Amino acid sequence: MVNLLIRFVISAIAIIISSFLLSGVAVEDYLAALIVAAFLAILNSTVRPLLIVLTIPVTIFTLGLFLLVINALMVMIAAYFIDSFVVVNFWWALAFSLILSVLNGLFSGMANKDNQDKRSYR
């Protein structure tokens, strides 16, 4: 449970940093980033698998690059439903999803490395 909470906070921090890096994306405050992180987690666990299954032929034809479009669509859906999260257009959503993925990977990697270091001292 603690691991899930840590990943949730890491995702919210990555959302704030991504919005600072991109002028076409805006998040009002940290609470809005937490809401966006929760909403994206819900979308990625419910809607995203359905979209992936429905677009298997396109995904295979594009050698998996269509998954980037699906990620951008998840960001645009979140921006549509959350008033304090604004994404100007599809291209900003695509850039946001790419940067968010990279930051989440980096932060999660650092958190996992820290946990491994703590386990090795026990």
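Residues numbered from 1 in each chain as written. Predicted model: local features only at pLDDT ≥ 70, side-chain atom pairs only at ≥ 80, totals over all residues. Heavy atoms only, no water.

Novice: What am I meant to see in the side chain of N71 here?
Specialist: For N71, the position within the fold is in helix α4 (residues 66-81). Separated by 2.9 Å, the side chains of N71 and R48 make a polar contact. Those residues in contact with N71, other than ones at most four positions away along the chain, are R48 and S97. (Helix = DSSP H or I, 4+ residues; strand = E, 2+ residues; numbered from the N terminus. Polar contact = N/O pair within 3.5 Å; in protein donor to acceptor, adjacent residues only side chain to side chain. Contact = heavy atoms within 4.5 Å.)

Novice: What am I meant to see in the packing of aromatic side chains here?
Specialist: Aromatic ring pairs: the centre-centre distance and the angle between the two ring planes describe each pair. In this structure the tally under the stated criterion is four aromatic pairs. A centroid spacing of 5.9 Å and a plane angle of 50° characterise the contact between F39 and F81, whose relative ring orientation is tilted. One end of the pair, F39, is in helix α2 (residues 30-54); the other, F81, is in helix α4, and 42 residues separate them in sequence. The class for F39 is partly exposed, based on a relative accessible area of 24%. F81 sits in the exposed class, given a relative accessible area of 55%. Here the aromatic rings of F85 and F96 are separated by 5.5 Å at their centres, their planes lie at 55°, and the arrangement is tilted. Taken as a pair, F85 in strand β2 (residues 85-87) and F96 in helix α5 (residues 90-120) lie far apart in primary sequence, eleven residues in all. (Phe/Tyr/Trp six-rings, centres within 6.5 Å; stacked < 30°, edge-to-face > 60°. Buried < 20%, exposed > 50% of the residue type's maximum accessible area, 1.4 Å probe, protein only.)

Novice: Which parts of the structure should I look at to understand α2?
Specialist: Compared with an ideal rise of 1.5 Å per residue, which puts 25 residues at 36 Å, α2 spans 34 Å between its outermost C-alpha atoms and is within 8% of the ideal. For α2, the principal kink sits at N44 and spans about 40°. (Expected span 1.5 Å × (residues − 1). Bend = angle between axes of the 7 residues up to and from the residue.)

Novice: Would you explain the environment of F90 in this entry?
Specialist: Tracing the backbone through its elements, the reader meets F90 in helix α5. Look at F90 and you get partly exposed, because its relative accessible area is 24%. Residues F90 and M1 lie 89 residues apart in sequence; the distance between their C-alpha atoms is 34 Å. Sequence-distant contacts of F90, that is, excluding residues within four places in its chain, are made with V69, A72 and M76.

Novice: What am I meant to see in the nonpolar core here?
Specialist: Across soluble globular proteins, nonpolar side chains show a tendency to be buried alongside one another. Counting 28 residues, the largest nonpolar core has I15, V27, L40, F85, V87 and F96 as the members making the most contacts within it. Every element with two or more residues in this core is listed here: α1 (2-21), β1 (25-27), α2, α4, β2 and α5. Leave out the neighbours within four places in its chain, and V87 touches G24, V25, V75, A79, W92 and A93. (Core = buried A, V, L, I, M, F, W, Y, C linked by side-chain atoms within 4.5 Å.)

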